[in-house]
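Here's the letter readout for the chains.
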Amino acid sequence: MATLIRGLSRRTLRPAATHLRNLSTAEASAAAAAAPPPPPAGASTDRVWWDYRGQRQVIPLGQWVPKVAIDAYVAPNVVLAGQVTVYDGASVWNGSVLRGDLNKISVGFQSNVQERCVIHAAWSSPSGLPAETSIERYVTIGAYSLLRSCTIEPECIVGQRSILMEGSLMETNSILEAGSVVPPARRIPSGELWAGNPARFVRKLTLDEILEIPKMAASINNLFHSHFSEFLPYSSVYLEVEKLKKSLSIPL
């Protein structure tokens with residue numbers, strides 16, 4: 001009887017052990033596929049091997065390809081998609097997303113879009129105003145702001161965490177306080193300070209405040225020169241370096 005039981009146990013456990021071995025092999029294969037590729041032969045072993053797969057900075061959509069001026073700064077983890085134009089001396093800082101899949105987005109001369117902003121545009125504006133998002137020259141867009149199908153004329157400041165809805169307009173030399181919400185088709189007149197949710201008139205700007213608006217934009221954009229020429233392994237410069245090494249048959 002004991003011999004019969006041992007025989008049955010071996011026959012029962014053998015298929016289970018085979019199944020577990022097959023399962024372990026499949027899991028190991030999946031883990032190997034998900035792991036970063038090994039460094040090529042001849043590469044130095046005393047440095048970190050970076051895995052560059054992941055987010056793309058510039059995303060063409062159909063016939064539309066984002067355009068960035070040669071002296072503009074766009075941080076490596078910014079996403080530009082579709083009909084986006086970043087003009088001379090402008091800067092778009094870390095984590096921002098400019099999605100021009102439905103309409104045009106432009107960031108004008110010496111303007112800056114600070115960290116974690118989201119800018120996009122609708123097909124059309126219900127008010128009949130322009131549906132594209134236009135940021136003209138010497139404009140400062142505070143961090144974490146949301147802009148959709150709005151127009152910001154030259155020399156304006158949008159405070160942090162502000163929202164500008166479809167068809168809204170900020171005229172020249174105007175300021176929107178942090179955390180404000182501009183409803184659709186609302187106009188902020190030139191030379192005024194607005195704040196609140198919904199945004200309302202606060203007071204007229206002084207001459208000194210108006211003169212400080214372009215100076216602020218210029219001072220912020222002066223900072224990007226220290227970022228613009230960086231050559232760290234996680235920047236976008238590595239792409240050109242690796243292309244050059246590949247063309248010269250130098251091990252990566």
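Residues numbered from 1 in each chain as written. Predicted model: local features only at pLDDT ≥ 70, side-chain atom pairs only at ≥ 80, totals over all residues. Heavy atoms only, no water.

Turning to the overall build of the protein, a few remarks are in order. Scanning the protein from terminus to terminus reveals 4 helices and 20 strands. By the burial criterion, 37% of the 252 residues in the protein qualify as buried. Partitioning the contacts of the protein with sequence separation of at least 6, the portion at a separation of at least 24 is 26%. (Helix = DSSP H or I, 4+ residues; strand = E, 2+ residues; numbered from the N terminus. Buried < 20%, exposed > 50% of the residue type's maximum accessible area, 1.4 Å probe, protein only. Contact = heavy atoms within 4.5 Å.)

Further remarks concern the nonpolar core. Judged by nonpolar contacts, the single largest core of 35 residues is most densely connected at Ile135, Ile141, Ile152, Leu164 and Leu176. Listing elements by their share of this core, those giving two or more residues are strand E3 (73-74), strand E4 (79-86) and strand E6 (97-107). Excluding its chain neighbours within four sequence positions, the residues that come into contact with Leu164 are Leu146, Leu147, Arg148, Cys150, Ile152, Val158, Met170, Leu176 and Val182. One finds Ile157, Ile175, Leu193 and Ile213 within the second-largest nonpolar core, a separate group that totals 6 residues. (Core = buried A, V, L, I, M, F, W, Y, C linked by side-chain atoms within 4.5 Å.)

Okay, the sheet that holds strand E5 (residues 91-92) next. An order of E3-E5-E7-E10-E13-E16-E19-E20 is seen for the 8 strands of this open sheet, with the pairing classed as mixed. Single-partner strands in this sheet number two, and they are E3 and strand E20 (200-204). Across 2 bridges, strand E10 (residues 140-141) lies against strand E13 (residues 157-158) in parallel orientation. Its bridge partner lying in E13, Thr140 is registered against Ile157. (Pairing = 2+ DSSP bridges.)

This paragraph deals with helix H2 (residues 207-223). With 17 residues, H2 ought to run about 24 Å at 1.5 Å a step, and its terminal C-alpha atoms sit 26 Å apart, in line with that. Along H2, the sharpest kink reaches roughly 30°, centred on Ile213 and followed within four residues by the proline Pro214. Along H2, the positions that sit buried rather than exposed are Ile210, Ile213, Pro214, Ala217, Ile220 and Asn221. (Expected span 1.5 Å × (residues − 1). Bend = angle between axes of the 7 residues up to and from the residue.)

In this model, the protein carries an average pLDDT of 81, and 73% of its residues clear a pLDDT of 70 or more. In the model, residues 48-53 has pLDDT below 50 throughout and makes 16 contacts with residues more than four positions away in sequence or in other chains. (pLDDT = per-residue confidence, 0-100.)

On the surface, a cluster of nonpolar side chains totalling about 290 Å² of accessible area is made up of Leu244, Leu248 and Ile250. By the secondary structure assignment, Ile250 is in the segment after helix H4 (237-247). (Patch = residues over 30% accessible without salt bridge, like charges linked within 9 Å, V, L, I, M, F, W, Y side chains within 5 Å. Areas by Shrake-Rupley, 256 points an atom, 1.4 Å probe, with all protein chains shown as cover. Salt bridge = Lys/Arg side-chain N within 4 Å of Asp/Glu carboxyl O.)

The next point concerns the pairing of E20. Examined bridge by bridge, strand E19 (residues 192-195) and E20 share 4 bridges and lie antiparallel to one another. The residue bridging Glu192 from the neighbouring strand is Lys204, located in E20. Counting the residues between successive antiparallel strands, the hairpin from E19 to E20 contains 4 residues, one of them, Gly196, with a positive phi of roughly 105°.

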